[in-house]
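# Chain and residue survey
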Amino acid sequence: MLGPYTLLISDAPSNAPYILTGTGATIVLFGLFGCFATCRGRPWMLKLYAVFLSLVFIAELIAGISGFIFRHEIKGTFLTTYSDAVLKYDGRDDRSLAVDGVQRRLHCCGVYNYTSWFSSAYFATRGVPASCCVSFSDCSEADLKNATVAELKVYKQGCYDLVMSFIESNMGIIAGVTFGVAFSQLMGTTLACCLSRFINANQYEMV
């Protein structure tokens, strides 16, 4: 489901879905390893688990900071790729389907507004895409080919501004969740180290 949408933020097919899936699977496996290490009471396993959590914490911190620092570059890339997707829209390929999905879900049309479609090859033959329609039952192909009538039938707001305003308004939430997850990794590292030291201390006392 995520694959087509990554084409709107990158000039080439992205491996992001596979990377996220692989990362999630790796975290689950190491989580199970941490449970096993705790049950077995092996200090070296707990230390290895703490090292992994430390690496995850650093990676999440770097990703969060990088995303915030380079957010303007991300905006520029999205504008370029989304504009290109609108110009080359044909209603059939993955990028076109992703554009339709964005317009339907966000109730928007075009890059800045519905007039963005006037310069596309699709408009010359089919008009504004049906995914821009406010009501499909009251939105014929003839209406969408007529620029004057289409204005009354489609969403007024452009998708680029809507997506950017959504990101800006939720930047605090995104940052909070990112650092909250990273902090949980740090807590896990601390607890794993404490448990390892506790086990070592008990073994030393028994000897």
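Structure report, in brief. Quick caveat: nothing in here was measured; it's all calculated off a predicted structure.

What follows covers the overall build of the protein chain. Secondary structure assignment for the protein chain yields 10 helices and 0 strands. Residue burial in the protein chain is summarised as follows: out of 207 residues, 32% are buried. Within the protein chain, residue pairs in contact and separated by at least 24 positions form 61% of the contacts whose partners lie at least 6 positions apart. Carbon and sulfur atoms make up 68% of the accessible area of the protein chain, which totals about 12500 Å².

Attention now goes to the packing of aromatic side chains. Taken as a whole and assessed by the stated rule, the structure comprises 9 aromatic pairs. For the pair Tyr 89 and Tyr 122, a centre-to-centre distance of 4.8 Å together with 90 degrees between the ring planes defines the contact as edge-to-face. Note that Tyr 89 is positioned in the loop between helix H4 (71-87) and helix H5 (94-106) and Tyr 122 in helix H6 (residues 121-126), a separation of 33 residues in sequence. Here Tyr 89 matches Tyr 122 in class, with each residue buried. Joined through ring pairs, the aromatic side chains of Phe 78, Tyr 82, Tyr 112 and Tyr 160 make up one cluster.

Looking now at unusual backbone geometry. Residues other than glycine seldom take positive phi values, yet His 107 does so here, at roughly 55 degrees. For His 107, the location among the structural elements is in the loop between H5 and H6. For His 107, a relative accessible area of 47% puts it in the partly exposed group.

Buried within helix H9 (residues 159-169) we find Cys 159, Tyr 160, Val 163 and Met 164. Projected onto a plane normal to the axis of H9, the buried residues spread over an arc of 125 degrees and lie on a single side. Among the exposed residues of H9, those pointing more than 90 degrees away from its buried face are Phe 166 and Ser 169. The inward-facing, buried residues of H9 abut H4 and H5.

One pass over the full model with this rule turns up 3 disulfides. At a sulfur-sulfur separation of 2.1 Å, the disulfide partner of Cys 109 is Cys 132. Negative torsions about the S-S bond denote left-handed disulfides, and the value of about 90 degrees found for Cys 109 with Cys 132 makes this one right-handed. Residue Cys 109 is found in the loop between H5 and H6, and its partner Cys 132 is found in the loop between H6 and helix H7 (141-145); the two are separated by 23 residues along the sequence. Here Cys 132 falls in the buried class, since its relative accessible area comes to 0%. Paired by a disulfide, Cys 133 and Cys 139 hold their sulfur atoms 2.0 Å apart. Classification of the bridge connecting Cys 133 and Cys 139 rests on its S-S torsion, roughly -65 degrees, and on that basis the disulfide is left-handed. There is no split in this pair, since Cys 133 and Cys 139 are both buried. What links to what in the protein chain: the bonded cysteines, counted in sequence order, pair as 1-6, 2-3, 4-5. Free of any disulfide, Cys 39 has its nearest cysteine sulfur in Cys 35, 6.7 Å distant.

Reading the values: rules and limits
Residues numbered from 1 in each chain as written. Predicted model: local features only at pLDDT ≥ 70, side-chain atom pairs only at ≥ 80, totals over all residues. Heavy atoms only, no water. Helix = DSSP H or I, 4+ residues; strand = E, 2+ residues; numbered from the N terminus. Buried < 20%, exposed > 50% of the residue type's maximum accessible area, 1.4 Å probe, protein only. Contact = heavy atoms within 4.5 Å. Areas by Shrake-Rupley, 256 points an atom, 1.4 Å probe, with all protein chains shown as cover. Phe/Tyr/Trp six-rings, centres within 6.5 Å; stacked < 30°, edge-to-face > 60°. Arc of directions from axis to C-beta. Disulfide = S-S within 2.5 Å.

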